[in-house]
Amino acid sequence: MEAKLKKELGTSILKPTGHSGGGCISEGQSYDTDTGRVFVKINHKSEAKRMFDGEMASLEAIYKTATVKVPKPVKVIQLDTGGSVIVMEHLDMSGLSKYSKHLGDQLADLHLHNKKQLEKFNKEQQTVGKGAGEVEVEPVDKFGFGVTTCCGYLPQENEWQDDWVTFYARQRLQVQLNMVEKTYGDRESRELWAQLQLKIPQFFTDVEIVPALLHGDLWSGNVAQCADGPVIFDPASFYGHSEFELGIAGMFGGFNSSFYSAYHDKIPKAPGFAQRNQLYQLFHYLNHWNHFGGGYRGSSIKIMKNLLK
């Protein structure tokens, strides 16, 4: 692997630094190269390239907004032995502590970025003699993403849709429930979903949703801080409802009140927020059920029952 990395990165030096890390899906290692230190994430599964291509595109999209820090992506490399690696900038990170407020503030900026680009684009269209070339990042007016991204190792259906409720019900919840059905044949979840999918539009009455670029998997294990501020990593990005981001953020702890206060100062809670938050957590509980087994069944069923009350 190291010979392949040297060749692909065009470096004569490739020295492991002792900095390593990894989650439940991939393992990681930092290396010194001719041009500085990089972090290399390795996954030996055959579908790793699709997963890392999605992560690369997600990191690039967030990086271009210049709102919240992410490791700058370098390259995805397929290994001759099977599997792939993703190479990115090495950042010296520690647990998020003093920069929680900053993260809330910057995350709101990320979520508002596309809205501002759309407003700017529309304004320029009305100004005679000024082209659309003034907009740094192309604005997006649909929900989805240009490539497949993976939440965990499961691929997400990111085909573009005009309507958020349709996108979320069909391309997020339905996909997860189909997997549950295929693996477990769970009758109760099937019956609850038959009722819930009819009710979903009611949760979005009078809510204006502009596509926001999302990290997509923002739990406390995917945030940290550097010397100069917060950093987020391991994204599973797409353009969706900004509130979706706060679903998983509230599930496993790790975000304090200063994070939420700073965020909601810029993006206040819309009416019905609490119910939609449960609806967004449902995706993550189903995704965990499909990743890790029936320990997450109870939470998934409970949320569906709550939303049907």
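Placed above this text is the structure.
What counts, and at which threshold
Residues numbered from 1 in each chain as written. Predicted model: local features only at pLDDT ≥ 70, side-chain atom pairs only at ≥ 80, totals over all residues. Heavy atoms only, no water. Helix = DSSP H or I, 4+ residues; strand = E, 2+ residues; numbered from the N terminus. Rg over C-alpha atoms; globule rule 2.2 N^0.38 Å. Buried < 20%, exposed > 50% of the residue type's maximum accessible area, 1.4 Å probe, protein only. Contact = heavy atoms within 4.5 Å. Areas by Shrake-Rupley, 256 points an atom, 1.4 Å probe, with all protein chains shown as cover. Lys, Arg positive; Asp, Glu negative; His and termini not counted. Charge placed at Lys NZ, Arg CZ, Asp CG, Glu CD. 1 Å grid on protein atoms, 1.4 Å probe; cavity = no way out; pocket = protein on both sides within 12 Å on 5 of 7 lines; lining within 4 Å. Points joined across faces, edges and corners; volume = space filled by probe spheres on them. Nonpolar A, V, L, I, M, F, W, Y, C, P; charged D, E, K, R; others polar. Disulfide = S-S within 2.5 Å.

With that settled, consider the overall build of the protein chain. Within the protein chain, the secondary structure is distributed over nine helices and 11 strands. Computed over the C-alpha atoms, the radius of gyration of the protein chain is 20 Å, within 12% of the 19 Å expected from 2.2 N^0.38 for a compact globule of 309 residues. The buried share of the protein chain, taken over its 309 residues, is 51%. Once local pairs closer than 6 in sequence are excluded, the contacts in the protein chain between residues at least 24 apart make up 63%. If you sum the accessible surface of the protein chain, you get close to 14,700 Å²; carbon and sulfur atoms cover 49% of it. Seen as two clouds, the 34 positive and the 36 negative side-chain charges of the protein chain have centres 3 Å apart.

Turning to the layout of surface pockets, a few remarks are in order. Where empty space is left in the structure can be found by rolling a water-sized probe over the atoms. Volume-wise, the second largest pocket comes out at about 330 Å³. Lining of the second largest pocket is provided by 21 residues; of these, Glu208, Val210, His241, Ser242 and Ile267 occupy positions nearest its centre. Secondary structure elements with two or more residues in the lining of the second largest pocket: α3 (100-125) and α7 (257-266). Classifying every residue of the lining of the second largest pocket gives 12 nonpolar, four polar and five charged.

Before going further, it helps to examine the state of the cysteines. Throughout this description, disulfide means a covalent bond between two cysteine sulfur atoms. By the definition in use, this model includes zero disulfides. The thiol of Cys150 is unpaired, and the distance to the nearest cysteine sulfur, on Cys151, comes to 8.9 Å. Taking the relative accessible area as the measure of exposure, Cys150 reaches 9% and is therefore buried.

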